[in-house]
Amino acid sequence: MRTVVLALSLFLAMPEASEMLAGIVRQHGGTDAVEVVKQPLPKPGPGEARVRIAFAGVNFIDIYLREGAYSSSPPYIPGLEGAGVVESTGPGAEVWLGRRVAFVHKGAGAYSEFAVVPVTRLVPLGNDVQLQDAAAVMLQGLTAQYLLDGTVRLERNDTVLVHAAAGGTGRLIVQVAKLRGLKVIATVSTKAKAAVATAAGADKVIVSDYSDFATEVLQHTQNRGVAAIFDGVGNRTFLQGFRCLRPRGGMVLFGASSGFPPSVDLSVLAGSKFLVRPSLFDFIAEESELRTRAAAIMDWLQAEQLNLQMTVLPLADAAEALRQLQSRESTGKLLLKVGPVEASAEL
């Protein structure tokens, strides 16, 4: 404990800089639109905390924002999630000073050495949760949690289909589904990724270019179909998925890594099927809901019930990290290592 307190005291006593390194998107475009440069150090306002970032998460939403598919106004610092230590606070937020935290917040600007975040968006971390692990599960772990618990009514032993199951979100959806007692069919694009999905707990893995996965799903389910489809791929998988969705089953379109699907002919919903286009931020809009969902994720981490797989690149390689994610070269979670930050949650 003495060592921890000393380390924290030294951390809090570090002189304040006037600049920081940050990734900047100056205009919409490809990966070359992101460059790491010096930026002014942001100052926290009332109810805000400035977090010294240790790790930042890299996600498909960062690509959508960079390309202009989602509304964004360059220049801006990308990155919605991260983990680190609160280095300074604005009025009314002093209780957070020195705390180890994780966050997911629109406009956080996590591809940087420091980020200013409203304290209502912070999740306090226990000493037994590593900052790297916390950064890896905020957006994608919370997504897996709300998708399984908040979008479709599922019963134990129901069968679900998870697309892109070797990716960061897909692997966590598979694992949370198994924690919920579900049977999981997973799709992946290569044999190497099939091994990743199997290790995550998938009961059946389909290696496919997505041209005809529905036939194999129907064969595996004796033509009954699946109770739900968790689709983060979008255009290449969406319409075909309805073929293997059982009556009263749910199509959950939570992402579109291959582009957004065309307009939907409602006849695909025949059989009392339903479609939902959920967003994480609708499910964590309230501070209490964010903390409740995050607590479930952290409990699974502490109980070693989640098997995390991560690729870590330095902040200077932010453009390369986005390229690897968009080209689907990576498996598991992509993180940017920003700074060597650690401190205690026990003040």
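Scoring rules and cut-offs
- Residues numbered from 1 in each chain as written.
- Predicted model: local features only at pLDDT ≥ 70, side-chain atom pairs only at ≥ 80, totals over all residues.
- Heavy atoms only, no water.
- Patch = residues over 30% accessible without salt bridge, like charges linked within 9 Å, V, L, I, M, F, W, Y side chains within 5 Å.
- Areas by Shrake-Rupley, 256 points an atom, 1.4 Å probe, with all protein chains shown as cover.
- Salt bridge = Lys/Arg side-chain N within 4 Å of Asp/Glu carboxyl O.
- Buried < 20%, exposed > 50% of the residue type's maximum accessible area, 1.4 Å probe, protein only.
- Helix = DSSP H or I, 4+ residues; strand = E, 2+ residues; numbered from the N terminus.
- Contact = heavy atoms within 4.5 Å.
- Polar contact = N/O pair within 3.5 Å; in protein donor to acceptor, adjacent residues only side chain to side chain.
- UniProt positions renumbered as here; feature names shortened; annotations may be inferred.
- Pairing = 2+ DSSP bridges.
- Axes fitted to C-alpha atoms, helices over the stretch in contact; angles between N-to-C directions.
- 1 Å grid on protein atoms, 1.4 Å probe; cavity = no way out; pocket = protein on both sides within 12 Å on 5 of 7 lines; lining within 4 Å.
- Points joined across faces, edges and corners; volume = space filled by probe spheres on them.
- Nonpolar A, V, L, I, M, F, W, Y, C, P; charged D, E, K, R; others polar.
- pLDDT = per-residue confidence, 0-100.

In the nomenclature of an unreviewed UniProt entry, the protein chain is known as Enoyl reductase (ER) domain-containing protein of Durusdinium trenchii.

## Observations regarding a nonpolar patch on the surface
Judged by side-chain polarity, Val264, Leu266 and Leu275 come together as a nonpolar surface patch covering roughly 250 Å² of accessible area. Judged by relative accessible area, which is 32%, Val264 ranks as partly exposed.

## Considerations on the environment of Gln240
As for its position among the elements, Gln240 is in helix H8 (residues 238–241). Judged by relative accessible area, which is 13%, Gln240 ranks as buried. On a C-alpha basis, the gap between Gln240 and Phe213 in space is 8.1 Å, while along the polypeptide they are 27 residues apart. Setting aside its immediate chain neighbours within four residues, Gln240 contacts Tyr210, Ser211, Asp212, Phe213 and Ala214. From its side chain, Gln240 meets the backbone nitrogen of Phe213 in a polar contact 2.8 Å long.

## What to know about the side chain of Gln324
Among the secondary structure elements, Gln324 is positioned in helix H11 (residues 318–326). On the basis of relative accessibility, which here comes to 15%, the residue Gln324 falls in the buried class. If near-sequence neighbours (up to four positions away) are discounted, Gln324 is found in contact with Thr311, Leu313, Glu329, Ser330 and Leu334.

## Brief notes about the pattern of salt bridges
Under the definition given, this model contains 14 salt bridges. With its nearest N and O atoms 3.0 Å apart, the salt bridge here joins Arg293 to Glu289. Here Glu289 and Arg293 lie together in helix H10 (residues 287–302), a separation of 4 residues that amounts to about one turn. Exposure remark for Glu289: the relative accessible area of 26% places this residue in the partly exposed category. Glu329 is the partner of Arg323 in a salt bridge, and the nearest nitrogen-oxygen pair spans 2.7 Å. The network of salt bridges with common partners includes Glu320, Arg323 and Glu329.

## Thoughts on the UniProt feature "domain: Enoyl reductase (ER)" (unreviewed entry) in the protein chain
Here, UniProt's "domain: Enoyl reductase (ER)" (unreviewed entry) annotation points to residues 29–336. With 29% helix and 26% strand, the stretch residues 29–336 has end C-alpha atoms that lie 20 Å from each other.

## Thoughts on the sheet that holds strand E9 (residues 183–188)
Here 6 strands make up an open sheet; going across it, the order is E10-E9-E8-E11-E12-E13 and the pairing parallel. Taken across any chain shown, the strands that pair with only one partner, and hence form the sheet edges, are strand E10 (204–207) and strand E13 (274–276). The sheet shows a mean angle of 15° between the axes of neighbouring strands, taken without regard to direction.

## Re empty space enclosed by the protein
This structure, assessed with the given rule, holds 1 cavity of 30 Å³ or more. If you add up the space inside the largest cavity, you get close to 50 Å³. In terms of residue count, helix H5 (residues 168–179) provides more of the lining of the largest cavity than any other element does, 3 residues in total. Of the residues assigned to the lining of the largest cavity, the class counts are 4 nonpolar, 4 polar and 2 charged.

## Describing the confidence of the model for the protein chain
Predicted confidence across the protein chain gives a mean pLDDT of 92, with 93% of residues reaching 70 or more. In the predicted structure, residues 1–8 sits below a pLDDT of 50 and forms 6 contacts with residues beyond four places in sequence or in another chain. Confidence drops under a pLDDT of 50 for residues 343–347, and excluding neighbours within four residues, the segment shows 20 contacts in the predicted structure.

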